[in-house]
Amino acid sequence: MSDLSKNDVEKASFAFSIYDFEGNGKVDAFNLGDILRALNSNPTMATIEKLGGTKKKGEKQLTLEEFLPIYAQAKKDKDQGCYEDFLECLKLYDKAENGLMLGAELTHTLLALGEKLEDKEVNEVVKDCMDPEDDDGMIPYAPFLKKVMA
């Protein structure tokens, strides 16, 4: 815990308390990724599992004392992308270098690369974050990325 500042501990405690649905000082390890994301971390699913997160609800509970070292480790972890990293990746699909890419290509990318999303998840992300396609099927990818990262 010594790696965390007093401010970090306060933020972590607050985020932890939001996911303490029963008010018993414990959170379900299933929500670990959500808590870390609420603290501006961007862990991969593999990182969440490595840090003690579970894929099913009810398998494991974490106390704040158990969570703080996990949060400290997640803060140190450099194996997570940031906005600029993801923007550079999407520029590869910007053939005209005008800030636009095919909406269908973005959807395919979400389904096929990295930690692949399911059709249902992609549809939800597209509905919530993607601007309407223009007549050529193009979308501005920077605003999409900002909405996703928010």
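Note that the structure is predicted; figures quoted are calculated from it, not measured.

**Q** I'm lost on the environment of alanine 72 in this one. Help?
**A** The residue alanine 72 is located in helix α4 (residues 64–76) in this model. Under the relative-accessibility criterion, alanine 72 is labelled buried at 6%. Separated by 29 residues in sequence, alanine 72 and methionine 101 place their C-alpha atoms 37 Å apart. Leave out the neighbours within four places in its chain, and alanine 72 touches Asp3 and Leu4.

**Q** Would you take a moment to explain the packing of helix α1 (residues 6–18) against α4 for this structure?
**A** In helix packing, the relevant descriptors are the interaxial angle and the interaxial distance, both defined with respect to the helix axes. Two numbers describe how α1 lies on α4: the axes approach to 10 Å, and their chain directions differ by 120°. Our classification of the angle between α1 and α4 gives oblique. Our pair here, α1 against α4, has a crossing hand that is right-handed. Residues Asp8, Val9, Ala12, Ser13 and Phe16 of α1 lie in contact with α4, whose contacting residues are Leu64, Phe67, Leu68, Tyr71 and Lys75. Across the contact of α1 with α4, the residue classes break down as 7 nonpolar, 1 polar and 2 charged.

**Q** Help me out: how do you make sense of the UniProt feature "domain: EF-hand" (unreviewed entry) in the protein chain in this one?
**A** The sites that carry the UniProt feature "domain: EF-hand" (unreviewed entry) are, in the present numbering, residues 7–42. Helix makes up 53% of residues 7–42 and strand 8%. Its end C-alpha atoms lie 19 Å apart.

**Q** Before we go on, may I ask you to explain the layout of surface pockets in this structure?
**A** With a probe scaled to a water molecule rolled over the atoms, the places where space remains empty come into view. Looking at the largest pocket, its volume works out to about 1,800 Å³. Elements that contribute at least two residues to the lining of the largest pocket include exactly α2 (32–38), α3 (45–50), α5 (83–91), α6 (103–112), α7 (119–129) and α8 (141–149). Broken down by class, the residue content of the lining of the largest pocket amounts to 19 nonpolar, 11 polar and 10 charged.

Procedures and definitions
- Residues numbered from 1 in each chain as written.
- Predicted model: local features only at pLDDT ≥ 70, side-chain atom pairs only at ≥ 80, totals over all residues.
- Heavy atoms only, no water.
- Helix = DSSP H or I, 4+ residues; strand = E, 2+ residues; numbered from the N terminus.
- Buried < 20%, exposed > 50% of the residue type's maximum accessible area, 1.4 Å probe, protein only.
- Contact = heavy atoms within 4.5 Å.
- Axes fitted to C-alpha atoms, helices over the stretch in contact; angles between N-to-C directions.
- Parallel < 35°, antiparallel > 145°, perpendicular 65-115°, else oblique.
- Left-handed = near helix turned anticlockwise from the far one by under 90°.
- Nonpolar A, V, L, I, M, F, W, Y, C, P; charged D, E, K, R; others polar.
- UniProt positions renumbered as here; feature names shortened; annotations may be inferred.
- 1 Å grid on protein atoms, 1.4 Å probe; cavity = no way out; pocket = protein on both sides within 12 Å on 5 of 7 lines; lining within 4 Å.
- Points joined across faces, edges and corners; volume = space filled by probe spheres on them.

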